[in-house]
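Analysis of the macromolecular model
The primary structure of each chain is shown beneath.
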Amino acid sequence: MKRSPSDVSDHKVIHTDEVEGLDRYQLLTSLVVPRPIGWISTYGKDGVLNLAPFSFFSAVAASPMLVSVSIGTRAGVPKDSLQNILDQKAFCVNIVTEVQGPQMNETSADFPPEQDEFERVGLPIGLATRVNAPYVANCPAILECELFRELNLGNAGSLIVGEVRAVRLDPTLQFKEGSFLVDTKVLKPVARLGGPEYTLLGDIVVMPRPTLK
Ligand SMILES: Cc1cc2nc3c(=O)[nH]c(=O)nc-3n(C[C@H](O)[C@H](O)[C@H](O)COP(=O)(O)O)c2cc1C
């Protein structure tokens, strides 16, 4: 039997072409929550280290293993992370945990390209082994990525898709028995909400996938 649409909804419908600037950003980023944070480390010109957080970040596929990050422009010029990824074809994604939260936030300031954010906020440096990029040595998990594709987003910068060539894990991060599932409770990731709000892991709810009989 054909089902008819419900007429009980009294949603307020916002036409996005009638919303401008910061309002658009706030509307989207307070609804698509919580967002994981890709703390992206790269080499810039003359080998200067660069580090900045991005929450337009997501997992894309497992084989090939892909992640995406959308990086904007500043005064019409690509942000340093974007320029560096395009130049070096490589970057690391450092998983931000509770302890790195404040330093992650500090690295989001508008530093000039010649400022090494590792030095500026006092973070230990590691050198990736499969790609040409540095990483945050005290992060418990790091994805070493190679540039896979760039999708130009016009005014919004670029969507970068990276192929994960290596995963570095701190030995305290155990897999759950018989699997490659990292124990998220030990990882303690930080995720972003709208504006300056962040969240840590709350209750974990288990929902096994349904099987059709
Ligand atoms: C938690 C967090 C998430 C952010 N997410 C993004 C993002 O997804 N895209 C973006 O362009 N900027 C984002 N920013 C802003 C950049 O981190 C900021 O512009 C930074 O200065 C860029 O550094 P860079 O020029 O070294 O690349 C975010 C900032 C914070 C604090």
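Anyway, here's the lowdown on the structure attached to this text. (Residues numbered from 1 in each chain as written. Predicted model: local features only at pLDDT ≥ 70, side-chain atom pairs only at ≥ 80, totals over all residues. Heavy atoms only, no water.)

**A few points about the pattern of salt bridges**
The line we're drawing: Basic side-chain nitrogens of Lys or Arg form a salt bridge, by our definition, when they fall within 4 Å of a carboxyl oxygen of Asp or Glu. Runs of H or I in DSSP of at least four residues are treated as helices and runs of E of at least two as strands, each being numbered from the N terminus. Partly exposed residues are those whose accessible area sits between 20% and 50% of the maximum for their type, while under 20% is buried and over 50% is exposed, using a 1.4 Å probe and protein chains only.
Inspection of the entire model under this criterion finds three salt bridges. Here Glu-144 and Arg-168 are joined by a salt bridge, their closest N and O atoms 2.7 Å apart. Here Glu-144 is found in strand β11 (residues 141-152), whereas its partner Arg-168 is found in strand β12 (residues 158-169), with 24 residues between them in sequence. Classification of Arg-168 as partly exposed rests on a relative accessible area of 25%.

**Regarding the nonpolar core**
As a rule of thumb, nonpolar side chains are buried together in soluble globular proteins. Our working definition: Working definition of a nonpolar core: buried Ala, Val, Leu, Ile, Met, Phe, Trp, Tyr and Cys residues. They are joined through side-chain atoms within 4.5 Å. Contacts were defined at the residue level, with two residues in contact if any of their heavy atoms lie within 4.5 Å.
Counting residues in each nonpolar core, the largest one holds 20 residues, and the members touching the most others are Trp-39, Cys-92, Leu-123 and Val-136. Residue assignment for this core shows that the elements contributing at least two residues are β2 (38-43), β3 (49-54), β8 (90-95), α4 (117-121) and β10 (134-136). Beyond its immediate stretch of four places on either side in the chain, Leu-123 contacts Trp-39, Leu-51, Gln-103, Phe-118, Val-136 and Asn-138. If you look at the next biggest cluster of nonpolar residues, it comprises 19 residues, including Phe-54, Ile-71, Ile-85 and Ala-141.

**Observations regarding the sheet that holds strand β5 (residues 66-71)**
Backbone hydrogen bonds are what pair the strands of a sheet, in a parallel or an antiparallel way. Rule in force here: When DSSP finds at least two bridges between two strands, those strands are taken to pair. Interaxial angle, 0 to 180 degrees, is taken between N-to-C directions of lines fitted to C-alpha atoms, where a helix line uses only the stretch in contact.
If you walk across this open sheet you meet the seven strands as β3-β2-β8-β11-β12-β5-β4, and the pairing is antiparallel. Of all the strands in the sheet, just β3 and β4 (57-61) have a single pairing partner and so form its edges. With strand direction ignored, the average angle separating the axes of adjacent strands in the sheet is 35°. Pairing of β8 with β11 involves five bridges; the strand directions are antiparallel. Paired with Asn-94 across the bridge in β11 is Ile-142.

**Observations concerning the site of the ligand**
Note the following rule: We call a residue near a given molecule or strand whenever any one of its heavy atoms falls within 4 Å of it. Polar contact is defined as a pair of N or O atoms within 3.5 Å, subject to the rule that within protein one atom must be able to donate a hydrogen and the other to accept it, and that residues adjacent in sequence are counted only when both atoms are side-chain atoms. Computed by Shrake-Rupley with a 1.4 Å probe, the accessible areas treat only the displayed protein chains as cover when residues are assessed. Residues are grouped as follows: Ala, Val, Leu, Ile, Met, Phe, Trp, Tyr, Cys and Pro are nonpolar; Asp, Glu, Lys and Arg are charged; all remaining types, including Gly, are polar.
Around the ligand, 21 residues are found, and the nearest of them are Pro-53, Ser-55, Phe-56, Arg-74 and Ser-81. Gly-72 is positioned with one of its backbone polar atoms (N or O) 2.9 Å from an oxygen atom of the ligand. Between the ligand and Ser-81, the relevant distance is 2.5 Å, taken from an oxygen atom to a side-chain nitrogen or oxygen of the residue. Against a free-state accessible area of 650 Å², the protein chains account for coverage of 91% of the ligand. Counting only elements with at least two residues in the shell around the ligand, the list comes to β3, β5, α2 (80-88) and α3 (101-106). In terms of residue count, the dominant contributor to the shell around the ligand is β3 (four residues). Of the residues in the shell around the ligand, the class split is eight nonpolar, seven polar and six charged.

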